[in-house]
Amino acid sequence: MGLVAFTKTLAIEGAKYNIRASCIAPMAASAMTETIMPPEMLKHLNPSFIAPLIAVLTHPEGPNASGKVFEAGAGWMGEIRWERSKGAVFKTDDTFTPSAVKERWHEVTSFDKAEYPNTMGDADMMGVLELSKTLAPNKQSNPSVRFDGKVTIVTGAGGGLGRAYALMFGKLGGQVVVNDVNEQAAQKVVDEIKSAGGKAIAVACSVEEGQKIAQTAMDAFGRIDVLIANAGILRDKSFTAMTQRDWDDVIKVHLKGTYACAKAVWPIFQKQRYGRIVTTASQVGIYGNFGQANYSAAKAAILGLTRTLAIEGARYNIICNTLAPSAGTAMTSTVWPAEMVQMFKPDFIAPVVGYLVSEDNTSTSGCLFEVFGGCATQTRWQRAGGHGFPSNKTLTPEDVLSQWKVITNFDDGRSTHPTSTQEAIQQIVDNFNNTADSSSAASGDDADPESVKEAKKGTTEPHKYVYTERDVILYNLGIGATAEELKWTYEGDDDFQALPTFGVIPGFPSGAGMSLDWLPNFNPAKLLHGEQYLSIKAPIPTSGTLISTTRLLEALDKGKQAAITTVTETKDANSGKVIFETQSTAIIRGSGGFGGQKQGKDRGAATAANTPPKRQPDAVIEEETSPDQAALYRLSGDYNPLHIQPEFAAIGGFDRPILHGLCFFGIAGKHVLKSFGAYKDIKGRFAGSVYPGETLITEMWKEGGKVVFQMKVKERGTTVLSAAGATLVGDENLKAKL
Ligand SMILES: CCCCCCC[C@@H](O)CC(=O)SCCNC(=O)CCNC(=O)[C@H](O)C(C)(C)COP(=O)(O)OP(=O)(O)OC[C@H]1O[C@@H](n2cnc3c(N)ncnc32)[C@H](O)[C@@H]1OP(=O)(O)O
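Residues numbered from 1 in each chain as written. Predicted model: local features only at pLDDT ≥ 70, side-chain atom pairs only at ≥ 80, totals over all residues. Heavy atoms only, no water.

## Considerations on the overall build of the protein chain
Where we set the bar: Each helix is a run of H or I in the DSSP string that is no shorter than four residues. Each strand is a run of E no shorter than two, and both are numbered from the N terminus. Residue exposure (1.4 Å probe, protein chains only): buried if accessible area is under 20% of the type maximum, exposed if over 50%, otherwise partly exposed. Here a residue-residue contact requires only that any non-hydrogen atoms of the pair lie within 4.5 Å. Computed with the Shrake-Rupley method and a 1.4 Å probe, the accessible areas treat only the protein chains shown as cover for residues. His residues and chain termini do not enter the charge count, which takes Lys and Arg as positive and Asp and Glu as negative. Where a charge lies is defined by one atom per residue type, namely NZ (Lys), CZ (Arg), CG (Asp) and CD (Glu).
Counting its secondary structure elements, the protein chain contains 26 helices and 24 strands. C-alpha extents for the protein chain along the principal axes are approximately 95 × 60 × 50 Å. A buried classification covers 55% of the 738 residues belonging to the protein chain. When contacts within the protein chain are restricted to residue pairs at least 6 apart in sequence, long-range pairs at least 24 apart make up 75% of them. Surface exposure of the protein chain reaches about 31400 Å², of which carbon and sulfur atoms provide 52%. Positive and negative charge centroids in the protein chain, built from 74 and 79 side chains respectively, lie 2 Å apart.

## Some thoughts on the pattern of salt bridges
Note the following rule: By convention in these notes, a salt bridge is any Lys or Arg side-chain nitrogen within 4 Å of a carboxyl oxygen on Asp or Glu.
Throughout the structure, instances matching the rule amount to 26 salt bridges. Linking Lys-102 and Asp-360 is a salt bridge whose minimum nitrogen-to-oxygen distance equals 2.8 Å. Note that Lys-102 is positioned in helix α4 (residues 98–103) and Asp-360 in the loop between α14 (350–356) and β12 (368–372), a separation of 258 residues in sequence. Across the pair Glu-623 and Lys-670 runs a salt bridge whose closest N-O atoms are separated by 2.8 Å. Taken together, the positions of Glu-623 in strand β20 (residues 619–624) and Lys-670 in helix α25 (residues 661–676) put the pair 47 residues apart, joining distant regions of the chain. Under the relative-accessibility criterion, Glu-623 is labelled buried at 14%.

## Things to note about the site of the ligand
Which entries qualify depends on this criterion: A cutoff of 4 Å decides nearness: a residue is near a molecule or strand if any of its heavy atoms lies inside that distance of it. Here the term charged refers only to Asp, Glu, Lys and Arg, the term nonpolar to Ala, Val, Leu, Ile, Met, Phe, Trp, Tyr, Cys and Pro, and the term polar to all other amino acids, Gly among them.
Near the ligand there are 25 residues, and of these Lys-558, Lys-598, Asp-638, His-643 and Ser-689 occur at the shortest range. When the ligand sits alone it has 1200 Å² of accessible area, and the protein chains cover 75% of it. Looking at the shell around the ligand, the elements with two or more residues in it are β16 (527–536), β18 (561–572), β19 (578–589) and β21 (679–686). Sorting elements by how many residues they give to the shell around the ligand places β16 first, with five residues. A breakdown of the residues in the shell around the ligand according to their chemical character gives eight nonpolar, 12 polar and five charged.

## Overview of the environment of Gly-478
Relative to the helices and strands, Gly-478 resides in helix α20 (residues 469–478). Given the relative accessible area of 1%, Gly-478 is considered buried. In this structure the C-alpha to C-alpha distance between Gly-478 and Ala-631, which are 153 residues apart in sequence, comes to 8.8 Å. If sequence neighbours within four positions are ignored, Gly-478 has contacts with Gln-629, Leu-632, Tyr-633 and Cys-663.

## As for the sheet that holds strand β22 (residues 695–703)
Heads up, the condition is: Strand pairing follows a simple DSSP-based rule, namely that at least 2 bridges must link the two strands. In this analysis an axis means a line fitted to C-alpha atoms, helices contributing only their contacting stretch, and an angle means the value between N-to-C directions, from 0 to 180 degrees.
Read across the sheet, 10 strands follow the order β15-β17-β18-β19-β16-β21-β24-β23-β22-β20 without closing on themselves; strand pairing throughout is antiparallel. Whereas interior strands pair on both sides, the edge strands pair on one side only; in this sheet they are β15 (463–467) and β20. Sheet twist, expressed as the mean angle between neighbouring strand axes with direction ignored, is 20°. Note that β22 and strand β23 (residues 706–713) share eight bridges and pair antiparallel. What sits directly across from Met-700, in β23, is Phe-709.

## Description of the packing of aromatic side chains
To keep it simple, the criterion reads: Pairs were defined over the aromatic rings of Phe, Tyr and Trp, the Trp ring being its six-membered one, requiring ring centres within 6.5 Å. Orientation was assigned from the angle between planes: stacked under 30 degrees, edge-to-face over 60, tilted for the rest.
Evaluation of the coordinates by the stated rule reveals 16 aromatic pairs. Where Phe-70 meets Trp-404, the ring centres are 5.4 Å apart and the plane angle is 40°; that geometry is what we call tilted. Taken as a pair, Phe-70 in strand β2 (residues 69–73) and Trp-404 in helix α16 (residues 404–407) lie far apart in primary sequence, 334 residues in all. In this pair, the class of Phe-70 matches that of Trp-404, namely buried. Taking the centre distance of 4.8 Å and the plane angle of 15° together, the rings of Phe-90 and Phe-96 count as stacked. Residue class for Phe-96 comes out buried when judged on its relative accessible area of 6%.

## Looking at the pairing of β12
With five of five residues buried, β12 is to be regarded as a mostly interior element. Relative to β12, strand β11 (residues 318–326) runs parallel, the two being bridged by five bridges. Each residue of the ladder has a partner; that of Pro-325, found in β12, is Val-371. Pairing geometry for β12 and strand β13 (residues 375–383), over five bridges, is antiparallel. By the bridge assignment, Phe-369 is partnered in β13 with Gln-378. A loop of two residues connects β12 with β13, the two strands running antiparallel in sequence, and Gly-373 in this loop sits at a positive phi of about 45°.

## Some details on the nonpolar core
Let me state the cut-off plainly: Working definition of a nonpolar core: buried Ala, Val, Leu, Ile, Met, Phe, Trp, Tyr and Cys residues. They are joined through side-chain atoms within 4.5 Å.
One finds Phe-502, Tyr-633, Phe-664, Phe-709, Met-711 and Leu-721 to be the most contacted residues of the largest nonpolar core, which totals 51 residues. With eight residues, α25 is the largest single contributor of residues to this core. For Phe-709, the residues in contact, after removing those within four places along its chain, are Ala-668, Val-672, Ile-682, Lys-683, Thr-698, Glu-699, Met-700, Trp-701, Leu-721, Ala-724, Gly-725 and Ala-726. Ranked by size, the runner-up nonpolar core spans 40 residues in total, among them Val-108, Leu-172, Phe-348 and Val-357.

## Details of the confidence of the model for the protein chain
Formally: pLDDT is defined as a per-residue confidence score from the predictor, taking values between 0 and 100.
Looking at the protein chain as a whole, its pLDDT mean stands at 90, while 94% of the residues score no less than 70. Low pLDDT (under 50) marks residues 438–444, which in the prediction has 18 contacts with non-local residues, meaning those over four places away or in another chain. Taken together, the stretch residues 731–738 has pLDDT below 50 and engages in 16 contacts with residues farther than four places along the chain or on a different chain.

## What to know about the domain arrangement of the protein chain
How we decide: For each domain, the first and last residues come from an automatic or database assignment. Summed over both partners, buried area is the accessible surface (1.4 Å probe) that two parts give up on being assembled. The definition of a polar contact used here is a pair of N or O atoms within 3.5 Å, where within protein one atom must be able to donate a hydrogen and the other to accept one, and adjacent residues in sequence count solely through side-chain atom pairs.
Entries for the protein chain in the domain assignment read domain 1 (2–80 + 383–447), domain 2 (82–120 + 129–136 + 144–181 + 209–381) and domain 3 (463–737). Placing a centre on the C-alpha atoms of domain 1 and another on those of domain 2 gives a separation of 32 Å. A per-residue breakdown of the area domain 1 buries against domain 2 is headed by Phe-6, Glu-13 and His-417, which together make up 35% of the total. Counting across the domain 1 and domain 2 interface gives zero salt bridges. On the surface where domain 1 and domain 2 come into contact, there are six residue pairs in polar contact (both at pLDDT 80 or more). Sorting elements by how many residues they give to the side of domain 1 that touches domain 2 places helix α1 (residues 2–14) first, with nine residues. Of the residues that constitute the side of domain 1 that touches domain 2, the class distribution is six nonpolar, four polar and three charged.

## Quick notes on the packing of helix α9 (residues 210–221) against helix α10 (residues 244–272)
Definition in use: Small angles under 35 degrees read as roughly parallel and large ones over 145 as roughly antiparallel, with 65 to 115 read as roughly perpendicular and the rest as oblique. We call a crossing left-handed when the near helix sits turned anticlockwise from the far one by less than a right angle, and right-handed when that turn is clockwise.
At a closest axis distance of 7 Å, the pairing of α9 and α10 adopts a crossing angle of 40°. Comparing their axes, α10 and α9 come out oblique. Crossing angle aside, the handedness with which α9 passes α10 is right-handed. Residues Gly-210, Gln-211, Ile-213, Ala-214 and Met-218 of α9 lie in contact with α10, whose contacting residues are Ala-260, Cys-261, Ala-264, Val-265 and Ile-268. Residues that form the contact of α9 with α10 fall into these classes: eight nonpolar, two polar and no charged.

Now the structure itself:
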């Protein structure tokens, strides 16, 4: 982690000399990984997948990715960047306390409105300070956050931030161990705490002497509950002028000092099954900064150290977080103008630290917070959806370049926020089975003509779907829910819910918006919905904002017609969680003959044959549609005139408008739900068309955990939905919501 900020600093300092520096987090089999990874993983992690990325990053004519960070392994690669919450701005006066922070913690940690700062300069610190002056006094939590009976070590507490922390703990009932290399300064702070009625002791030594500091605390107070690793020094110089000594001194005090103190208190925390640590990073350790290569490396390394401590400490109730404060102190006074030092009082950082190390914080651990002038924000990694190349083919720099836009795209709705190494590895592991054969449908098969290869390259722009309970009711009515079925038509009902096939709605405009102009003789009136698959991956919110993106999965040449399959992923805009995946096949009559493949790939449940067994159905539901069914259904987002305008329907070859395929798909889905309960995926083939007003009969067979079904039109005896199946839900949580 330390190398990330170090690289960013080199990128900043190197820019004017045309020196570029990028950072990669590779996962590849090596002498190093062999000691920690099982052989079955290692065999997929061929180092040859990393070299082409490096070739692109270092090529004189390659894209400029200086200061950027990439993760790569097993043929998958994607960029990562910092994402910062908007956070909370507090009034900077006496009411800014740990209690006030506790009161608004949800705001500090909410990423509803995130920013993506790339440099130190991106933070509008002065604006924040001005705002904080005008705010109403901060609300205090009840009971208030206190430290009675708790012993806190604060390193570097002779002045600046450390002093502000020490005074705060003393004021809030805690016993404080004031460490500083400067004995007089440490003693002065101890005296201040004592004269205000608090308890404190000084220990004058370097932070590298963690054992001595811990021992002093134990001797004086008999316990240690909190460590604030704050001590630090600056040896700022451009990288060109930086000496080995400048480097070593900074690494020693910051990184080794933090290690030494954490190491000393760790067994005590483990034994008592309680401990709180806040380590000190810096915005410099996140974004890099001119003249601070040593400091940025040390600070980012502290962040990595703290995340690991948070993981190892979790089962002992040891909570560890990192703070990146910007405050005017003796240290920053060497690089900040005096006026700024004065404005950013260390007192306005302390309340956030106070809350993080309090007993009240039971869940926030391993996190990073940027705090400045009354503003507290959280910062986390955001990772692009990236691109998975076939893991059984040789990867070339040209391959990497051809997908560069995808590898570096954070705005296509596929980005994630991995919070652990396990989560981060998952995407790489998922690519293990992405072989040239299996991936051909997703990322280009050699047999595809150029037009298809080109069309498969990108994803659509993310489509935003903002909806309320009204939209859910409108959809439910559109597929025949009635006023008696209050859970589907009345938002005040305790069990109000979207019918599960609602999952096809948010992403519909994204899929339907995909350009098919590259097909020969493309005519939208000749397009019919051929097949639909829906996977429901999380409980369906009854209102919210969802983001969908679509890509071309398969383009089949069926001679007279083209069969175009797209895949759409729909995520919750706030959590980034995938809620639905849909696969839709459109048949475009008259657009075949473009030279593509004839047969598609096996896509599991999405292409399952679902042949009905040779016995009477286990359940049958008959439902009459309304002559106005299509006029109602279209209001949920499919405005294709084929379903309402007679002239357009005539061009499509119909004597009157036909019903939307997804409308009778939804009606069948409702019948499955009523007969057998919730399901997690559903699929069907539109074998024939339905006219609004016709009566639909759904025949259903339960086959193990699956319901196989088909739908017929009663008046004509025609099968309109075939090869249809739904996989029933095992998960009780999901079931409860559906
Ligand atoms: C990108 C996604 C965006 C989606 C946007 C959707 C917008 C909506 O507004 C549009 C709609 O809702 S339209 C309404 C619903 N759909 C319908 O009414 C279509 C009904 N089906 C038909 O008319 C025919 O089955 C018909 C015409 C589909 C096929 O009939 P035939 O031409 O007679 O087919 P056939 O000769 O039996 O088979 C030829 C090859 O095609 C495959 N196939 C057949 N039906 C299919 C279907 N429904 N879906 C997918 N593939 C299908 C066959 O397997 C066959 O392949 P092969 O030759 O390799 O065996």
